[in-house]
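Breakdown of the fold
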Amino acid sequence: VKKIRLPLKKRSYDILIGDDLAKKSGAVLRRLRVGNDAVIVSNANILRLYGARIERSLRRCRLSVRFETVPDSERAKSFSVLTGLMKRIAVYDRAKTLVIIAFGGGVIGDLAGFVSAIYKRGIPYIQMPTTLLAQVDSAIGGKVAVDLPLAKNLAGAFYQPKIVLSDISLLRSLSVRQVRNGLAEIIKYGVIKDEGLFGYLERDYRKVLSLDRGALQHVIWRSSRIKAGLVARDEFDNKGVRVALNYGHTLGHAIEAASGYSLKYSHGEAVAIGMVMALGISSRLGLAPDRDVSRIKSLIMSCGLPVRVKGLDLARIYEAHLHDKKFIRGMNRFVLPEKIGRVRVVEGVPDRVIKDAIRQCA
Ligand SMILES: NC(=O)c1ccc[n+]([C@@H]2O[C@H](COP(=O)([O-])OP(=O)(O)OC[C@H]3O[C@@H](n4cnc5c(N)ncnc54)[C@H](O)[C@@H]3O)[C@@H](O)[C@H]2O)c1
Ligand SMILES: [Zn+2]
């Protein structure tokens, strides 16, 4: 098991990455002393696969166990699901010391984390991410939220978990599309911060796609270390450090919005195209050398991720990007690669440059 410490004074916690951590979850919770009554927030699909092993582990360590299932997919990140969940927890919560376990992908992590942040003004929770994307990204850093009709993640909080348990054995059941989804974020880490990780992916992306254990542990560990490092320096995303994680996300989110958050593009797929569009902006501004631009684009393609938008109105992508949360006082803000392993935040990119970069990916 590999361990990363995320130092945040009183809110510091560990990220553990290894095999069969779900089977050890009872012992881990006991050691943390965060509560005796576990509420596992998950969905039917994940519980059918892995519910029994986590329940057995918790009961063996004399924790009480209650399952709370929510609908699958982004629909669960809504106020109606949030209130329903909180009402049931409130009825159940008599003479108990609750600890919430977010057992699922990024959707469950964001929802269960937000419930933990606001129920009784905050109760302890742990993240047990079950997708590659959640293990390398969403389970770390304490950003929790639900969606509003106007935009994703519009109602949320910063609320750190007590521990993150990234159990690699749970990834076996992921579809290849889900693995690629996570790979997009791992490529992002390489580009923003770690040329070594990028080179590793160029050589061994096939091992990740085929869920080779060693490769998975390596990329999850390296990605988690980068995310933990950025979060440690900028917990509340107001020091201009954490913003680097948005590489590919400004136009990526715009692609998701323009497609109405349909199943057409997964988050990772939209981010992959967004990364290529941001590269286009970088080249036009003379920031990134051609060689690095083509290496990044090739890796994205080799991993089976898209580099072009199909069947979407380009004007809608442009419109959607204007609503980006990172914009300040009407000024746009992009994270642009300078070379593999280094990005720069650029404000006020000319509209025509953005439009050209979007058009180039059609
Ligand atoms: N908080 C953050 O910092 C942050 C960062 C990135 C993304 N996010 C959020 O994360 C969400 C996306 O997360 P995601 O990509 O994990 O999607 P997801 O949570 O919807 O999971 C994807 C699918 O995989 C299934 N699944 C989960 N684990 C499985 C397993 N082990 N085997 C088989 N199937 C499994 C799920 O049931 C679901 O159908 C978005 O809502 C996004 O906004 C949050
Ligand atoms: Zn992302």
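These figures come from a predicted structure and were not determined experimentally.

**Some remarks on a nonpolar patch on the surface**
The grouping of Phe79, Leu148, Leu150 and Leu154 at the surface amounts to a nonpolar patch, some 390 Å² of accessible area in total. For Phe79, a relative accessible area of 39% puts it in the partly exposed group.

**Structural notes on the coordination of the zinc ion (ligand 2)**
Coordination sphere of the zinc ion (ligand 2), protein contribution only: Glu185 (OE), His249 (NE2) and His267 (NE2), at 1.9 to 2.1 Å. Each donor residue of the zinc ion (ligand 2) lies on the same chain, and together they follow the pattern E-x63-H-x17-H. Pair noted here: His249 is in helix α9 (residues 249-258) and His267 is in helix α10 (residues 267-284), with a separation of 18 residues, a long-range link. The buried category is assigned to His249, whose relative accessible area is 6%.

**A few points about the packing of helix α7 (residues 195-209) against helix α8 (residues 213-233)**
Contact pair α7 / α8: the axes reach a minimum separation of 10 Å and the direction vectors enclose 145°. Seen along the crossing, α7 lies across α8 with a hand that is left-handed. Contacts between α7 and α8 involve Gly196, Leu197, Tyr200, Leu201, Lys207 and Val208 from the first element and Ala215, Leu216, His218, Val219, Arg222, Ser223 and Ile226 from the second. Per-class residue counts for the contact of α7 with α8 are eight nonpolar, three polar and two charged.

**A closer look at unusual backbone geometry**
For Ala95, which is not glycine, the phi dihedral falls at a positive 55°. As for its placement among the helices and strands, Ala95 is situated in the loop between α3 (79-92) and β5 (98-104). Despite not being glycine, Asp237 has its phi angle at roughly 55°, a positive value. Looking at the secondary structure, you find Asp237 in the loop between α8 and α9.

**With respect to the site of ligand 1**
As a structural note, the neighbourhood of ligand 1 is formed by 26 residues, with Glu74, Thr130, Thr131, Lys143 and Ser173 the closest of them. Measuring from an oxygen atom of ligand 1, one finds a side-chain N or O atom of Lys152 at 3.2 Å. For the shell around ligand 1, the secondary-structure elements that each account for two or more residues are α2 (44-60), α4 (106-118), α5 (132-138), β8 (151-158) and α6 (176-193). Ranked by residue count, the leading element in the shell around ligand 1 is α2, at four residues. For the shell around ligand 1, a count of residues per class yields seven nonpolar, eleven polar and eight charged.

Rules and cut-offs
Residues numbered from 1 in each chain as written. Chains lettered and ligands numbered in written order. Predicted model: local features only at pLDDT ≥ 70, side-chain atom pairs only at ≥ 80, totals over all residues. Heavy atoms only, no water. Patch = residues over 30% accessible without salt bridge, like charges linked within 9 Å, V, L, I, M, F, W, Y side chains within 5 Å. Areas by Shrake-Rupley, 256 points an atom, 1.4 Å probe, with all protein chains shown as cover. Salt bridge = Lys/Arg side-chain N within 4 Å of Asp/Glu carboxyl O. Buried < 20%, exposed > 50% of the residue type's maximum accessible area, 1.4 Å probe, protein only. Donors = N, O, S within 2.8 Å, 3.2 Å for Na, K, Ca; no water. Helix = DSSP H or I, 4+ residues; strand = E, 2+ residues; numbered from the N terminus. Axes fitted to C-alpha atoms, helices over the stretch in contact; angles between N-to-C directions. Left-handed = near helix turned anticlockwise from the far one by under 90°. Contact = heavy atoms within 4.5 Å. Nonpolar A, V, L, I, M, F, W, Y, C, P; charged D, E, K, R; others polar. Near = heavy atom within 4 Å. Polar contact = N/O pair within 3.5 Å; in protein donor to acceptor, adjacent residues only side chain to side chain.

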